[in-house]
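Here are the chains, one letter per residue:
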Amino acid sequence: MSNKKFRGTDVLLHEKRVFEPKEDVLNRSLVKNWDEEIEKGKDIEKYWAEKAEQFVWFKKWNKILDESNKPFYQWFTGGKINLTYNAVDRWIETGKRNSLAIIYINERGEEIKLTFYELYTHVNKMANALKNLGVVKGDVVSIYMPMCIESIISMLACAKIGAIHNVVYSGLSVGSFVERMNDSKSKILIAADGTYRRGKIIDLKNIVDEAILRCPSIQSVVVINHVKESYELAELSGIELLYDRLVEGESSYCEPVWLNSEDPLFILYTSGSVGEPKGVIHTTAGYMVGVATTLKYNFDIHDDDLWWCTGDIGWITGHSYSVYGPLLLGTTSIIYEGGPDFPDPGIWWKIIEKYGVTKFYTSPTAIRHLMRFGERYAKLYDLSSLRILGTVGETLNPEAWMWFYRNIGNKNCPIIDTWWQTENGMHLIAPTPTISLKPGSVAKPFPGIEADIFDDDGNSLPPGQGGHLVIKKPWPAMFRTLLNNDERFLDTYWNDFPECVFKSGDLARKDEDGYFWIQGRSDDILKVAGHRIGSSEVESALVSHPAISEASVIGKKDPVKGEVIKAFVILKGGYKFDSKLIEELKEHVGHELGPVAVIGEITSVDNLPKTRSGKIMRRILRAKDTGEELGDTSTLDM
Ligand code: PRX
C-alpha cells in the first residue's frame, strides 16, 4: 500500500436531481421490484446458480463457487459448457433460427445482415478451418480487426473449439501489437487488410506484415479481404492465407468442444498507468453467466429489441456487450464500423432512425463530443424507437446526462450509467430501468455484488465520504489472473486490504440512498490545501457551464497551496476563450463546488489526450505539464 495516507475524499458536487421511472417503463420491465432482486442476490451462490441454469450445459457444475484458493476464485467447477453453443447454436433449434443476429453497417453506408443460422454456418466453417491450421484447445489466436462480421465470427470460432482469443484493437501501433502477440505467445493471427475511417481506407496489412516478422510464435496469418478488391496469391507471404479461400469447402457443421467452466476464454490487454500492459484473463462459464445476466436486467432485453453497443471489439465493452452478451440473449444487434461524427455528427441518430434501435449503449466521451455540435443533428431524426440509453467508461457528468436524456431519449428513456472495468468482465454497479435515476450517479451494485467505500486502512466509510471503491465478494465474470503474472494480480488488486477485497483503483462515494458516485481514478486525485478532491467532480462542474463540452483537470504543484487545479477545457461552438470566460468559469466552479475547488489555471484546447477507447488520460496531461516522461502510451490516441 502506498504510504500516502488519506481518510477519504472531500465531497463537493451537490447534484440533487432525481428522475422516477415512467409508467410504461415499469410496465414493460422484466423485473418490477429491483430491491427484491438485490435481496435475492445476497445469497450469491444461489443467485448466480439460478442464472446459470438458463444456459445449456453439457455437464452441470459440482460446485457453484470454489473459494479454496482466494482470490483465485473459481465458478461452476466440474461443469462443461461451450459459450458459442450458447450464443449461436442453441438458437438454431428455436424460432430465432432465421431471425437476425447481426446487422453490420459501415460509414460508407454498406450493410450486411446475418441470421443466427447464417452466423452459425460461418462460425462452424471458420472453426473447422482453424482446426485444420492445427489450432487446438488452449492455443492463443490473436485477432487484429475492426468491427466487422469476420471479427465476430473469428471470436466465436475460437470459443467453439476452446482456442483463447486475444483481440488487439486495430488502431494500436505495430509495437503495441507485437508486444501483445508475443506476451500471449499467439499461434495464429487473424487480421483484416484494412478498415474505413473518416472517408479513408486505413491499411492494416502493412502493419500486420511488419508485426509478424517480430512474432516468432505466429505460424499462420488468416487475412480477411475487407477493404481491398481482391488479392493475387503472389501478394501474400508464405504464412498468410486468405479467409475466403480458407473457409471455402469447409463443413458448415463443427462439433463444439465442451470446455471446463474455468477454461480460459480470452485474454484482453489493458494498460496500467505504470509498467507493461496487463493481460487480463477471463474464463468461460462465469463470464458467460455474468455478461448475459447483467445485459438482460440492466437493459431490460426483450425479444423485439434492437441492441446497439458502440464499443469496439478491441475493448472489453465490445467483448461483453457488442458480441457475447446480445448473442447469448438471442438479441439482434448492430455492429457499426465508423465513428460518431462522420460524415456528419448526425450519423448515429440517422442509424437509430433507419433501423429502429431500441437500446443504445455508448460512452460519455462520445456524448460530450456530440454535445459540441448542439442538438440540431439529433432533431433531424425520429428517435422515438429508443427505450433505454446507457453509457460506460467514464463519469457521465450530470450535464452530459441531461443532454443525452433530453435530446436523444426525449425524456422517455432511462439512462443506464454502468460502472465496471476490463477486469470485472460485466457491469458491477449500474441502475436498472425501474429505479430512480440521479444524473451523475451509477446507482446501485448489481444483485450479488457487494461494493463498499474504504479508507486507506480498510475501514468502511459512511455515506457522504469518498474513498476507495472496493468489491467485497467474488462475482462470476471476474478476471482470474493476469497472464504470466499472478504476483502483479495480487499486488495490484488484492493485497492492499485484508480478506480478499478487490481494489478497483477508483474513488467513489455512496449517498444516503446507497447510490454510488464515481469520483475518478485514485491516481488522478487532486490535493488542494489539504483537501482531497476527485477529478470527476471538478470536471462535472466545468461541463455544467454552457460554454464547455469537455474538461479535464490535473493537480499542479503550487508553493503555497501544495497543489492547485489546472483545467483543460474544450469549448462548444460559438464561444470565445477570453479572460472574461476564464473568470466566469472559475466563479462557476466555486459556486458549484464551494471555496475549496480553486482553479489555478484554465487552458482552452481543441482535443484532450484520450485512450483509443475514449478515456481521458490525465497522466499524459500531467506529464506534459511538468515535462516528465509520458510512460506507457500504447493506447494513447495520437
Ligand atoms: O475509472 C473507471 C472508468 O473506467 C475504468 C475501467 O476502464 P476499462 O478497464 O478500460 O473498462 C472500461 C469499460 C468497462 C474504471 O476503473 N469507468 C468505467 N465505467 C465508469 C467509469 N467511471 C465513471 N463512471 C462509469 N460508469
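Okay, so let's go over this structure. Computed from a predicted structure; not experimentally measured.

Along the backbone of the protein there are 19 helices and 30 strands. Relative to a compact globule of 638 residues, whose C-alpha radius of gyration would be 26 Å, the protein shows 24 Å and is just as compact. Projected onto its principal axes, the C-alpha coordinates of the protein cover approximately 70 × 50 × 50 Å. Burial analysis of the protein (638 residues in total) assigns 63% to the buried set. Summarising the internal contacts of the protein: among those between residues at least 6 apart in sequence, 71% fall at separations of at least 24. When the accessible surface of the protein is totalled, it reaches about 24000 Å², and 49% of it is carbon and sulfur. Charge-centre separation for the protein: the mean point of 75 positive side chains lies 1 Å from the mean point of 88 negative side chains.

With four bridges joining them, strand S9 (residues 194-197) and strand S10 (residues 200-203) adopt antiparallel strand pairing. Within S10, the residue paired with Thr-195 across the bridge is Ile-202. Count of turn residues in the S9/S10 antiparallel hairpin: two residues, of which Arg-198 carries a positive phi of about 50°.

Attention shifts here to the site of the ligand. Taken together, 17 residues sit near the ligand, with Asp-417, Thr-418, Gln-421, Thr-422 and Asp-506 positioned nearest. Take Gly-393: an N or O atom from its main chain is 3.2 Å from a nitrogen atom of the ligand. Thr-422 is positioned such that a nitrogen or oxygen atom in its side chain is 2.6 Å from an oxygen atom of the ligand. Contact with the protein chains covers 89% of the free accessible surface of the ligand, which is 550 Å². Sorting the residues of the shell around the ligand by element identifies helix H11 (316-328), strand S20 (415-418) and strand S25 (516-521) as the ones contributing at least two each. Partitioning the shell around the ligand into residue classes produces six nonpolar, six polar and five charged.

Relative to the helices and strands, Lys-556 is located in strand S28 (residues 548-558). A relative accessible area of 24% means that Lys-556 is categorised as partly exposed. Apart from the residues within four sequence positions on either side, Lys-556 is in contact with Gly-562, Glu-563, Val-564, Lys-566, Glu-601 and Asp-625.

Attention shifts here to the sheet that holds strand S18 (residues 359-362). On the basis of which strands lie adjacent, the open sheet formed by seven strands has the order S5-S4-S17-S16-S18-S19-S20 and mixed pairing. Looking at the sheet topology across the chains shown, the edges are occupied by strand S5 (111-115) and S20. The average undirected angle you get between the axes of adjacent strands in this sheet is 20°. Where strand S4 (residues 100-106) and S5 come together, five bridges link them in antiparallel fashion. Each bridged residue has a counterpart across the sheet, and for Tyr-104 the counterpart in S5 is Ile-112. Those strands touched by helix H12 (residues 347-355) are S4, S5, strand S16 (306-309), strand S17 (332-337) and S18, and its axis lies near 150° from that of S17.

Right, let's talk about the packing of aromatic side chains for a bit. Across all of its chains, the model carries 42 aromatic pairs by this definition. Ring geometry for Tyr-85 versus Trp-258: centroids 5.3 Å apart, planes at 55°, classification tilted. Residue Tyr-85 is located in helix H4 (residues 83-92), and its partner Trp-258 is located in the loop between helix H9 (243-247) and strand S13 (259-260); the two are separated by 173 residues in the primary sequence. Joined through ring pairs, the aromatic side chains of Phe-72, Tyr-73, Trp-475, Phe-479, Phe-489, Tyr-493, Trp-494 and Phe-502 make up one cluster.

This paragraph deals with the nonpolar core. Ranked by size, the top nonpolar core spans 144 residues in total, and within it Phe-76, Leu-119, Leu-189, Ile-190 and Tyr-324 carry the most contacts. Among the elements that take part in this core, helix H6 (residues 149-161) stands out by supplying nine residues, more than any other. Sequence-distant contacts of Leu-119, defined by excluding residues within four places in its chain, comprise Val-88, Ala-101, Ile-102, Leu-114, Ile-153, Leu-156 and Leu-327. Among the nonpolar cores identified, the runner-up in size contains 60 residues, and Trp-348, Ile-565, Leu-571 and Ala-597 belong to it.

Reading across the sheet, the eight strands line up as S12-S11-S8-S6-S7-S14-S15-S23 and stay open at both edges, with mixed pairing between neighbours. The sheet is open, and its two borders are formed by strand S12 (240-242) and strand S23 (481-482), each paired with just one other strand. Where strand S15 (residues 278-283) meets S23, two bridges bridge the pair, whose relative direction is antiparallel. Bridge assignment links Val-280 to a residue of S23, and that residue is Leu-482. Packing against the sheet, H11 makes contact with strand S7 (164-167), strand S14 (264-270) and S15, and its axis sits at approximately 140° to S14.

The final tally for this structure, using the stated rule, is 40 salt bridges. Of the charged contacts in the structure, one is a salt bridge between Glu-210 and Arg-214, with a shortest N-O distance of 3.7 Å. Note on Arg-214: relative accessible area 42%, which makes it partly exposed. Between Lys-566 and Glu-601 there is a salt bridge whose closest N-O contact spans 3.2 Å. Within this pair, whereas Lys-566 is found in strand S29 (residues 562-571), its partner Glu-601 is found in strand S30 (residues 599-604), the two being separated by 35 residues in sequence. Salt bridges linked by common partners bring Arg-368, Glu-394, Asp-524, Glu-539, Arg-618 and Arg-622 together as one network.

Conventions we followed
Residues numbered from 1 in each chain as written. Predicted model: local features only at pLDDT ≥ 70, side-chain atom pairs only at ≥ 80, totals over all residues. Heavy atoms only, no water. Helix = DSSP H or I, 4+ residues; strand = E, 2+ residues; numbered from the N terminus. Rg over C-alpha atoms; globule rule 2.2 N^0.38 Å. Buried < 20%, exposed > 50% of the residue type's maximum accessible area, 1.4 Å probe, protein only. Contact = heavy atoms within 4.5 Å. Areas by Shrake-Rupley, 256 points an atom, 1.4 Å probe, with all protein chains shown as cover. Lys, Arg positive; Asp, Glu negative; His and termini not counted. Charge placed at Lys NZ, Arg CZ, Asp CG, Glu CD. Pairing = 2+ DSSP bridges. Near = heavy atom within 4 Å. Polar contact = N/O pair within 3.5 Å; in protein donor to acceptor, adjacent residues only side chain to side chain. Nonpolar A, V, L, I, M, F, W, Y, C, P; charged D, E, K, R; others polar. Axes fitted to C-alpha atoms, helices over the stretch in contact; angles between N-to-C directions. Phe/Tyr/Trp six-rings, centres within 6.5 Å; stacked < 30°, edge-to-face > 60°. Core = buried A, V, L, I, M, F, W, Y, C linked by side-chain atoms within 4.5 Å. Salt bridge = Lys/Arg side-chain N within 4 Å of Asp/Glu carboxyl O.

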